[in-house]
Number of protein chains: 4
Amino acid sequence: MTPPESSGPRRPLRADAARNRELLLAAAAAEFAERGVDASIADIARRAKVGKGTVFNHFPSKDHLLTAIAVARLDQLTESAESLLAGSDPGTALLDFLTLGAEQQQQLDLSAMFAGGTADIQDPAGVDQARERMVRAVDALVTRAREQGAVRPDITGADVVLLMCAPAYAAGPLRQAYPELWRRYLMVVFDGLRPEGAHPLPHPPPPLGHL
Amino acid sequence: MTPPESSGPRRPLRADAARNRELLLAAAAAEFAERGVDASIADIARRAKVGKGTVFNHFPSKDHLLTAIAVARLDQLTESAESLLAGSDPGTALLDFLTLGAEQQQQLDLSAMFAGGTADIQDPAGVDQARERMVRAVDALVTRAREQGAVRPDITGADVVLLMCAPAYAAGPLRQAYPELWRRYLMVVFDGLRPEGAHPLPHPPPPLGHL
Amino acid sequence: MTPPESSGPRRPLRADAARNRELLLAAAAAEFAERGVDASIADIARRAKVGKGTVFNHFPSKDHLLTAIAVARLDQLTESAESLLAGSDPGTALLDFLTLGAEQQQQLDLSAMFAGGTADIQDPAGVDQARERMVRAVDALVTRAREQGAVRPDITGADVVLLMCAPAYAAGPLRQAYPELWRRYLMVVFDGLRPEGAHPLPHPPPPLGHL
Amino acid sequence: MTPPESSGPRRPLRADAARNRELLLAAAAAEFAERGVDASIADIARRAKVGKGTVFNHFPSKDHLLTAIAVARLDQLTESAESLLAGSDPGTALLDFLTLGAEQQQQLDLSAMFAGGTADIQDPAGVDQARERMVRAVDALVTRAREQGAVRPDITGADVVLLMCAPAYAAGPLRQAYPELWRRYLMVVFDGLRPEGAHPLPHPPPPLGHL
DNA sequence: GATGAATGAGGATTCATTCAT
DNA sequence: AATGAATGAATCCTCATTCAT
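All chains use their own residue numbering, which begins from 1 and follows the written sequence. Both sets of labels track the order of writing: A upward for chains, 1 upward for ligands. Local features in a predicted model are, by the rule used here, given only for residues with pLDDT of at least 70; side-chain atom pairs are given and counted only at 80 or more, and totals for whole chains, interfaces and linings are based on all residues. Here the side-chain values reflect all heavy atoms present in the structure, with hydrogen atoms and water set aside.

## Here's the deal with the overall build of chain A
- Under the scheme used here, helices are H or I runs from DSSP no shorter than 4 residues and strands are E runs no shorter than 2 residues, and both carry numbers assigned from the N terminus. Along the backbone of chain A there are ten helices and zero strands.
- The order of α-helices and β-strands along chain A, N terminus first, is α-α-α-α-α-α-α-α-α-α.
- Burial analysis of chain A (211 residues in total) assigns 48% to the buried set.
- Only heavy atoms enter the contact rule, under which two residues are in contact if any of them lie within 4.5 Å. In chain A, 69% of the contacts between residues at least 6 apart in sequence involve partners at least 24 apart.
- For every accessible area listed, the method is Shrake-Rupley and the probe measures 1.4 Å; residues are considered covered only by the protein chains on display. Surface accessibility of chain A: about 10000 Å² in total, with carbon and sulfur atoms responsible for 52%. Whether a residue is buried, partly exposed or exposed follows from its accessible area with a 1.4 Å probe, protein chains only, as a fraction of its type maximum: under 20%, in between, or over 50%, in that order.

Here it is, written out as structure tokens:
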């Protein structure tokens with residue numbers, strides 16, 4: 001019954017198990033979005049209509065679950081960045097990317113995992129690699145935009161990654177009342193990234209590798 | 001400038017109690033800064049070298065402690081804003097204020113309390129009033145700057161209050177490695193507030209009263 | 001006579017869980033009897049040889065545990081009253097019921113829950129209904145006895161419910177030394193309920209609905 | 001200044017201290033009556049308009065405070081019993097005494113201390129002696145009544161002491177709604193003590209010394 | 001693989017009691 | 001003698017995680 005490569009790292013899951021995994025990720029994302037990272041495993045399991053034990057069958061710890069979500073989001077952003085890179089206008093592409101990032105952030109603040117704040121987590125599910133992939137993709141996007149004058153010359157990919165979450169964060173306190181307010185602050189920040197009227201920046205950008 | 005006990009308790013505390021109160025506020029601020037709002041009372045007490053019960057003698061609940069810190073910070077910002085309003089250059093005054101705000105935020109993220117995200121807290125120690133005072137002071141600062149062309153015409157005091165915390169937030173993940181990085185992002189955001197090269201904003205500003 | 005799970009939970013519990021539930025109820029009853037309602041959950045858990053958390057798995061709060069015990073007792077009394085009502089002699093039936101009630105009370109004083117003193121509890125487990133059922137059953141018993149001249153005419157079901165706990169209470173201080181002393185005081189009280197030598201009572205009986 | 005017998009057990013208190021002691025006893029009695037024996041020392045101190053430390057200056061522990069109240073009540077009852085003994089009708093005297101006892105009990109249930117349930121308390125303030133005095137006085141009252149046929153012959157002083165608290169206890173759950181209901185149950189119990197229609201009692205009375 | 005019962009460490013809070021002022 | 005600040009043991013409860021079914 002058990003396939004020969006019984007202890008291989010990536011055994012294909014049984015159909016129902018795979019389905020449960022997706023249900024769980026969705027439920028967890030929703031619950032985390034609503035209640036923050038303190039959402040309880042019990043609530044997530046209930047929302048996924050699954051036993052509590054099943055959660056731990058799929059994700060050895062709450063952190064693993066959290067990072068699995070983060071990885072999914074990072075990968076999604078990486079993909080977006082890459083496909084936008086194929087598109088035409090560099091400035092528009094970057095703004096579109098930032099919009100996607102803020103939209104995501106609007107739902108669940110994972111910024112710590114997006115930008116290297118994972119010192120205390122043992123990178124349970126490859127966040128570091130996923131982040132690296134995203135950072136590289138964003139850097140490509142930014143480099144192209146900078147070279148074509150769509151953003152100011154002293155801005156790097158690392159800056160953009162870090163600033164990506166800021167608009168949603170600024171609008172956060174009024175999210176209930178004005179769910180689209182983040183768009184306003186994204187434009188403010190983006191205006192700050194433009195070459196026109198740029199003033200010299202007081203601190204060097206962090207190296208890409210530190211993200 | 002500062003009165004001895006701006007928002008202190010009714011009766012003047014005994015000397016030693018007053019000292020403990022300050023020790024506690026400092027310890028709590030530090031602990032919250034390091035561990036977030038989930039820092040435990042036990043740790044705070046230990047850090048203040050005080051019994052656990054003493055914390056509750058001074059602050060009837062953890063929320064009261066948290067809000068006491070928030071109120072102190074808000075009042076400090078209000079004062080800064082007011083004294084900057086008396087100074088000369090409107091643009092510089094606003095930038096200086098944002099610098100102070102970001103510096104504070106750098107240490108402990110209380111943005112939720114700074115901007116009306118206190119629906120679930122019963123305002124134990126007057127955060128709402130403190131916030132209102134600050135918002136009014138900031139609005140005065142912004143209005144003056146806007147009238148004199150130091151910031152773009154479509155920016156309001158509410159916008160500034162909300163954006164105030166963003167630079168520290170963006171730089172947060174790299175705080176350990178680059179403690180001054182927030183200055184960089186403060187300048188980016190401030191460039192976004194300038195009139196030069198401003199693009200139209202996609203969402204109306206929130207009314208002051210909603211903060 | 002007794003159905004397997006008279007007021008049990010919706011789903012049939014797993015065998016081991018059901019056993020733990022009974023262990024817990026027994027341990028709690030014993031502990032409450034010895035230490036009063038201030039007995040600690042930790043002690044109850046220890047006595048039931050169960051983890052503290054298990055207590056809360058079965059009963060969401062201490063009040064729920066307490067009321068679960070109360071409901072069980074009330075239901076037991078209701079049943080007794082109903083089956084005694086089917087029996088022959090009205091006077092004997094009432095005395096037998098009071099004996100059962102006092103016997104129960106002897107072990108754990110839940111009189112407050114037996115007689116409407118639950119204003120501060122949000123009726124976590126249906127004490128109110130259980131009490132109503134018992135009160136109704138007792139009233140039937142008393143009405144029959146009164147109509148047949150077995151008790152004085154100015155006594156109601158409410159009176160009997162209230163007086164039911166008194167004998168065990170009176171004998172309480174000497175429970176250790178004379179565990180059966182309550183029988184003596186039950187007879188005194190019961191003599192007071194008899195028609196012979198009854199003097200007029202100075203206060204109207206409380207309406208049934210107030211119990 | 002300090003009187004010679006400085007460490008004598010019964011130094012006359014300074015006038016203000018004596019006053020505070022009375023304030024405290026009154027406040028404690030009121031608070032215990034309202035909130036039960038779990039009333040907090042802090043509340044008592046506040047009610048007496050006295051510092052918390054003062055409570056402990058007068059009463060070395062909460063138990064001492066509680067027993068001081070009990071002793072005062074017992075002494076009061078002893079006095080009543082003794083003066084009623086001097087009066088005319090034995091039956092009326094006993095009923096009057098029971099009325100006083102129930103009235104007292106109505107306010108604060110100290111029955112445990114009234115009837116020897118102090119095994120766990122180290123008799124901090126002479127409850128045992130005070131109880132003995134009362135028991136003796138009640139026994140005299142009962143003996144006289146029994147000899148004159150005002151109560152049934154098989155009833156002793158010990159029985160009456162134990163039964164004394166029962167009416168208030170029975171009426172307790174409805175105290176708020178019907179504050180005088182205890183009078184009804186006192187008459188029921190008293191009818192049970194009368195010689196008319198008395199049935200034999202199933203258990204010997206406890207010896208006086210066991211109270 | 002799925003389930004949910006069992007577990008116990010950890011957290012906020014209360015309160016009698018002690019002690020410095 | 002009076003005060004009230006300090007203390008820490010005790011309590012209820014939550015929740016991630018383990019494990020038997």
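## Focus: the relation of the copies chain D and chain C
- Note on the identical chains: chain D maps onto chain C by a rotation of 178° and an axial translation of 0.1 Å, with an RMSD of 0.5 Å. In the structure described here, the two chain copies are related by an operation that fits a two-fold rotation axis. Taking C-alpha positions as reference, the residue of chain D nearest the rotation axis is Gly192 of chain D, located at 1.9 Å. To superpose the copies, least squares is applied to the C-alpha atoms of every residue with a pLDDT of at least 70 in both.

## Quick word on the interface of chain D and chain C
- Each side of the interface is counted separately: chain D has 47 residues, and chain C has 45 residues.
- Accessible-area loss on putting two parts together, using a 1.4 Å probe and summing over both, is the definition of buried area adopted here. In total, chain D and chain C occlude about 3800 Å² of area from one another, counting both sides; carbon and sulfur atoms represent 66% of this.
- The largest contributions to the chain D side of the interface with chain C come from Tyr169, Arg184 and His203 of chain D, which together make up 21% of the buried area.
- By convention in these notes, a salt bridge is any Lys or Arg side-chain nitrogen within 4 Å of a carboxyl oxygen on Asp or Glu. Linking chain D with chain C are four salt bridges, by the criterion used here.
- With its nearest N and O atoms 2.7 Å apart, the salt bridge here joins Arg184 of chain D to Asp159 of chain C.

## Quick look at the protein's contact with DNA strand F
- We call a residue near a molecule or strand when any one of its heavy atoms sits within 4 Å of it. Lining the immediate surroundings of DNA strand F are 36 residues, of which Asn20, Gly51, Thr54 and His58 of chain B together with Thr54 of chain D lie closest.
- Within 4 Å of the protein, atoms of DNA strand F come from sugar and phosphate in 61% of cases.
- In the model, a base nitrogen of DNA strand F is placed 3.5 Å from a nitrogen or oxygen of the Lys52 of chain B side chain.
- For this analysis, a polar contact is any N or O atom pair within 3.5 Å, provided that within protein one partner can donate a hydrogen and the other can accept it, and provided that sequence-adjacent residues contribute only side-chain to side-chain pairs. Contacts to DNA strand F include Asn20 of chain D, whose side-chain N or O atom sits 2.9 Å from a phosphate oxygen.
- Each residue is assigned to one of three groups, with Ala, Val, Leu, Ile, Met, Phe, Trp, Tyr, Cys and Pro labelled nonpolar, Asp, Glu, Lys and Arg labelled charged, and all others, Gly among them, labelled polar. Counted by class, the surface near DNA strand F contains ten nonpolar, 16 polar and ten charged residues.

## Some words on the interface of chain A and chain B
- Between chain A and chain B, the contact holds 46 residues from the first and 45 residues from the second.
- Around 3900 Å² of area is buried between chain A and chain B when both sides are counted, 66% of it from carbon and sulfur atoms.
- When the buried surface of chain A facing chain B is broken down by residue, Tyr169, Arg184 and His203 of chain A rank first, second and third, together holding 20% of it.
- Taken together, chain A and chain B are joined by four salt bridges.
- Counting the contacts that link chain A with chain B gives 19 residue pairs in polar contact (both at pLDDT 80 or more).
- Where the side of chain A that touches chain B is concerned, the elements lending two or more residues are α8 (157–164), α9 (166–171) and α10 (181–193) of chain A.
- When residues in the side of chain A that touches chain B are grouped by element, the largest group, ten residues, is from α10 of chain A.

## Quick word on the packing of aromatic side chains
- Ring geometry is summarised as follows: Phe, Tyr and Trp rings, the Trp one being its six-membered ring, pair when their centres sit within 6.5 Å, and such pairs are stacked at plane angles under 30 degrees, edge-to-face over 60 and tilted between the two. Enumeration according to the criterion identifies two aromatic pairs over all chains in this entry.
- Aromatic side chains Tyr169 of chain A and Tyr169 of chain B sit 3.6 Å apart centroid to centroid with 5° between the ring planes, which places their arrangement in the stacked category. Of this pair, Tyr169 of chain A sits in helix α9 while Tyr169 of chain B sits in helix α9 (residues 166–171), on two different chains.

## Observations concerning the protein's contact with DNA strand E
- Taken together, 36 residues lie around DNA strand E, and Thr54 of chain A, Lys62 of chain B together with Asn20, Gly51 and Thr54 of chain C are the ones closest in.
- Sugar plus phosphate, as a fraction of atoms of DNA strand E within 4 Å of the protein: 62%.
- One of the backbone nitrogen or oxygen atoms of Gly51 of chain C is found 2.6 Å away from a phosphate oxygen of DNA strand E.
- A distance of 3.4 Å is found between a base oxygen of DNA strand E and a side-chain nitrogen or oxygen belonging to Lys52 of chain C.
- For the surface near DNA strand E, the secondary-structure elements that each account for two or more residues are α1 (15–35) and α3 (52–58) of chain A, α3 (52–58) of chain B, α1 (15–35) and α3 (52–58) of chain C together with α3 (52–58) of chain D.
- Residue composition of the surface near DNA strand E, by class: ten nonpolar, 16 polar and ten charged.

## Quick look at helix α7 (residues 127–147) of chain D
All names here are of chain D.
- Taking 1.5 Å of rise per residue, the 21 residues of α7 would be expected to cover 30 Å, and the 30 Å separating its terminal C-alpha atoms lies within 8% of that figure.
- For α7, the complete set of buried residues consists of Val127, Ala130, Arg131, Met134, Val135, Ala137, Val138, Leu141, Val142, Arg144 and Ala145.
- Next to the buried residues of α7 lie α4 (62–86), α5 (90–107), α6 (111–114) and α8 (157–164). Expected helix span is taken as 1.5 Å per residue step, with the number of steps being one fewer than the number of residues.

## Brief notes about the relation of the copies chain A and chain B
- Screw-axis analysis of chain A against chain B gives a translation of 0.1 Å along the axis, an RMSD of 0.5 Å, and a rotation angle of 178°.
- Comparing contact sets, 98% of the residues at the interface of chain A also lie at the interface in chain B, consistent with an isologous, same-surface contact.

## What to know about helix α8 (residues 157–164) of chain C
Residues and elements named next belong to chain C.
- Where burial is concerned, most of α8 is hidden: eight out of the eight residues are buried.
- The complete set of buried residues in α8 reads Gly157, Ala158, Asp159, Val160, Val161, Leu162, Leu163 and Met164.
- Measuring from the backbone nitrogen of Ala158 back to the side-chain oxygen at the start of α8 gives 3.2 Å, which picks out Thr156 as the cap.

## Quick notes on the environment of Ser80 of chain C
Residue and element names in this part refer to chain C.
- Relative to the assigned elements, Ser80 resides in helix α4 (residues 62–86).
- When its relative accessible area of 18% is taken as the criterion, Ser80 is described as buried.
- Taking C-alpha positions, Ser80 is 9.2 Å from Asp96, a pair spaced 16 residues apart along the chain.

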